[in-house]
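# Summary of the model geometry
Chain by chain, the residues run as shown.
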Protein chains: 2
Amino acid sequence: MKEKDFIKIITDTLNSSYIGDDCALLEDLGITVTQDSLVEDVHFSRKFATPYQLGYKSVMVNISDICASGAEPKYLTIALSLPDDVDGSFIKDFYKGAKDAVLGAKIVGGDITGADKIYISVTAIGVTKNRNISSRSHAKTGQKIVIAGEHGSSGLGLKILSGEMYPELSNFEKEEFIKAHLMPQAKSEFSEKISTSQKGKYAMMDTSDGLADALSAISEASSVLMEIDFQKIPHNKSLEIIPNYSDMILYGGEDYGIIATVDNADGLTVIGEVKEGLGVKINYDNFSETLIRKDVDEKIYKHFKE
Amino acid sequence: MKEKDFIKIITDTLNSSYIGDDCALLEDLGITVTQDSLVEDVHFSRKFATPYQLGYKSVMVNISDICASGAEPKYLTIALSLPDDVDGSFIKDFYKGAKDAVLGAKIVGGDITGADKIYISVTAIGVTKNRNISSRSHAKTGQKIVIAGEHGSSGLGLKILSGEMYPELSNFEKEEFIKAHLMPQAKSEFSEKISTSQKGKYAMMDTSDGLADALSAISEASSVLMEIDFQKIPHNKSLEIIPNYSDMILYGGEDYGIIATVDNADGLTVIGEVKEGLGVKINYDNFSETLIRKDVDEKIYKHFKE
């Protein structure tokens, strides 16, 4: 059983209208809220990431979800569960990293407990004032698909950390990809631009689980076809040395870019258009492919979850 | 190094004025927020608690913190990290329990990931409208110390679950204590009564880490002596069969009662008074003792953390 099946059980049990986007919109309070966890040896390894980087990334991935909702990141709480071998210097460096990732928000509370492994769960609250809030179910035929952030770098960084050699790459290039994986940047300026300039409904989502996943999730929630041109996706050109680099760009994940479907794309990077239909259509130079949800899930599983 | 040392490091690193109470008060948003985690084999065991009970308790302990702030519980998010052997029926029962514990609040989001053990982190948001919000630093000399909830039952329930025999107790009594441990009740009516009736500043805190711990934390944060009469503490009379039952009442923890220091104690259960000085003074029938923070920490550690 997979995460998506579990979420269906939860939605059915709660009979809740709130669950569907990464953030819940609480209109009466003027906020959006999200909570994401990072688990040692599932999402990170102490072998690869310093305590500072862990703190930084744990906060940034939640800030990214708030940005994808269109709200302004404002407050965070952090729950840490830690094994006995973690000491005060870990905590200090972790919180230094967390503090450097807040993009103007404040860390206001949390919890510390014991555990066998490191568990980090962060909640972020964003303010909706003067912002038009997105939903992945708000894409409409005729809207342009716009993007922020380079894609593929984080996935390659993880492969390098995991021991794949890539003799084609220089050490400098490798360091860049590793940094993209360990210290992602939420696209707060793009989010602010979109949520303060779009008049009508629009979809927006971060690409934490991969660009193709985000396109597919919007397609499914909005019942539209998301058609993009592969060559328009911003990416680090050094990626092209790698065999099947297009899979890295589409399915690698953890780039924490953002995609949106907008009526007004002035000054934004357009990679495609929302059309009638269902699924994700990707145009390459000489051919195109159309993926349904199942294809995307299988690709992600095959390339990155084995 | 202990939790309190870690919290000092965090407060120093963040240089934050928010950290100190279980809930953070976000005045601009009109909310209080708290986040608490429960970790398998640290806070609970699948041998003792059903999935329904786990969901129930995970939510209730966070609702209790919101109640202790004086706010009205309104929204919750739940992050679950689960081992491979957890299936859909676990999720369903967990969320049924969670839903039955919300006391009018709504579960609006969260996260599911993998992990080696079950890790549950819940964030709760309370609304401050028409409520006077508490702080543990707001106790004043001359205020009455009032209480809600029976104390000692949960601690004894845990000892019974852990295999201690207590032949003095009937099976019916044992079941009552076990239920107090597995399915605690947040004191929302008491919280509402206090936070809508008190005009001035007051301290309020739940007794999740033990009644003596809560008294000591308020004493420390407010620089006052908290003097109580032991015989006035509400408790299940069956507890008195147990040797050293007073330790269970004072240090057992997880009863999720609430104590408050109030100017107006009409219709409330008074157990003592706030005095000049520092520490916790407990009057028994024939003697009294005064505990400082260190004494309380040692008692909790000796009796319940070994």
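Residues numbered from 1 in each chain as written. Chains lettered and ligands numbered in written order. Predicted model: local features only at pLDDT ≥ 70, side-chain atom pairs only at ≥ 80, totals over all residues.

Within chain A, the secondary structure is distributed over nine helices and twelve strands. Reported as C-alpha extents along the three principal axes, the dimensions of chain A are approximately 55 × 55 × 40 Å. Scored against the burial criterion, the 306 residues of chain A give a buried share of 54%. In chain A, 86% of the contacts between residues at least 6 apart in sequence involve partners at least 24 apart. (Helix = DSSP H or I, 4+ residues; strand = E, 2+ residues; numbered from the N terminus. Buried ≥ 20, exposed ≤ 12 C-beta atoms within 10 Å, placed from the backbone. Contact = placed C-beta atoms within 7 Å.)

What links the strands of a sheet is backbone hydrogen bonding, and the strands pair in either a parallel or an antiparallel sense. Residues and elements named next belong to chain A. Strand order in the open sheet made by the seven strands is β7-β9-β6-β10-β8-β11-β12, with mixed pairing throughout. Across the chains shown, the open sheet's two edge strands, defined by having one partner strand only, are β7 (203-206) and β12 (288-291). Shown here is a sheet whose adjacent strand axes are inclined to one another by a mean of 20°, direction ignored. With respect to the sheet, helix α6 (residues 188-197) is in contact with β6 (144-148), β7 and β9 (258-262), its orientation differing from that of β9 by roughly 15°. Sheet strands touched by helix α7 (residues 211-222): β7, β8 (225-229), β9, β11 (279-283) and β12. Its angle to β7, the strand with the most contacts, is close to 145°. (Pairing = 2+ DSSP bridges. Axes fitted to C-alpha atoms, helices over the stretch in contact; angles between N-to-C directions.)

Here we take up the domain arrangement of chain A. Per the domain assignment, the segments of chain A are domain 1 (3-127) and domain 2 (144-304). Using C-alpha coordinates to define each centre, domain 1 of chain A is positioned 22 Å away from domain 2 of chain A. (Domains from an automatic or database assignment.)

Attention now moves to the packing of helix α2 (residues 51-69) of chain A against helix α3 (residues 88-100) of chain A. Residues and elements named next belong to chain A. Running from N to C, α2 and α3 cross one another at 40°; their axes reach a closest spacing of 6 Å. As summarised for this structure, α2 and α3 are arranged oblique, according to the angle between their axes. Considering how the two elements wind past one another, α2 and α3 form a crossing that is right-handed. Here α2 contributes Pro51, Tyr52, Gln53, Leu54, Gly55, Tyr56, Ser58 and Val59 to the contact with α3, which in turn contributes Phe90, Asp93, Phe94, Tyr95, Lys96, Gly97, Ala98 and Asp100. Grouping the constituent residues of the contact of α2 with α3 by class yields nine nonpolar, four polar and three charged. (Parallel < 35°, antiparallel > 145°, perpendicular 65-115°, else oblique. Left-handed = near helix turned anticlockwise from the far one by under 90°. Nonpolar A, V, L, I, M, F, W, Y, C, P; charged D, E, K, R; others polar.)

With that out of the way, let us pick up the relation of the copies chain B and chain A. The operation relating chain B to chain A is a screw motion whose rotation component is 180°, with 0.0 Å of axial translation and a residual RMSD of 0.0 Å. Taken together, these values place the two copies in the relation of a two-fold axis. The share of interface residues of chain B whose copies in chain A are also at the interface is 100%, consistent with both copies meeting through the same surface. (Least-squares fit on C-alpha atoms with pLDDT ≥ 70 in both.)

Residue and element names in this part refer to chain A. Note: β8 against β11, five bridges, orientation parallel. Each residue of the ladder has a partner; that of Asp229, found in β11, is Asn283. Taken together, the four bridges between β11 and β12 define a ladder with antiparallel strand orientation. Looking at the pairing, Val280 lines up with Leu291 of β12.

Turning next to helix α2 (residues 51-69) of chain B. A rise of 1.5 Å per residue sets the reference length of α2 of chain B, with its 19 residues, at 27 Å; its end C-alpha atoms lie 28 Å apart and thus fit the reference within 8%. The buried fraction of α2 of chain B is high, at 19 of 19 residues. (Expected span 1.5 Å × (residues − 1).)

Residues and elements named next belong to chain B. With respect to the helices and strands, Ser191 occurs in helix α6 (residues 188-197). Separated by 80 residues in sequence, Ser191 and Ile271 have C-alpha atoms that sit 17 Å apart. Filtering out sequence-adjacent residues up to four positions away, Ser191 remains in contact with Cys67, Ala68, Gly70 and Ile258.

Further remarks concern the interface of chain B and chain A. Interfaces are often sized by the amount of accessible area the parts lose when they come together. Across the contact, 50 residues belong to chain B and 50 residues belong to chain A. Mapped by element, the contributors of at least two residues to the side of chain B that touches chain A are α1 (3-14), β1 (24-26), β2 (31-39), β3 (72-82), α3 (88-100), β4 (106-114) and β5 (119-127) of chain B. The greatest single-element share of the side of chain B that touches chain A, amounting to nine residues, is contributed by β4 of chain B. Each residue belonging to the side of chain B that touches chain A can be placed in one class, and the counts come to 24 nonpolar, 15 polar and eleven charged.

Residues and elements named next belong to chain B. The strand order across the open sheet formed by seven strands is β7-β9-β6-β10-β8-β11-β12, and the pairing between neighbours is mixed. If you trace the sheet from one side to the other, it starts and ends with β7 (203-206) and β12 (288-291), each paired once. Across this sheet, the average inter-strand angle for adjacent strands is 20°, counted without regard to direction. In the sheet, strand β6 (residues 144-148) pairs with strand β10 (residues 269-275) via four bridges, with the strands oriented antiparallel. Residue pairing for β10: Ile147 is matched across the bridge by Thr269. Along the sheet face, α6 touches β6, β7 and β9 (258-262) and points at about 15° away from the line of β9. Along the sheet, helix α7 (residues 211-222) contacts β7, β8 (225-229), β9, β11 (279-283) and β12; its crossing angle with β7, the most-contacted strand, is approximately 145°.

To continue, consider the nonpolar core. Nonpolar side chains tend to gather and get buried jointly when the protein is soluble and globular. Grouped together as the largest cluster of nonpolar side chains are 183 residues, with contacts concentrated most on Leu76 of chain A together with Leu76 of chain B. Those residues in contact with Leu76 of chain B that lie beyond four places of it in its chain are Val59, Asn62, Val102, Ala105, Ile107, Val108, Val122, Thr123 and Ala124 of chain B. (Core = buried A, V, L, I, M, F, W, Y, C linked by C-beta atoms within 7 Å.)

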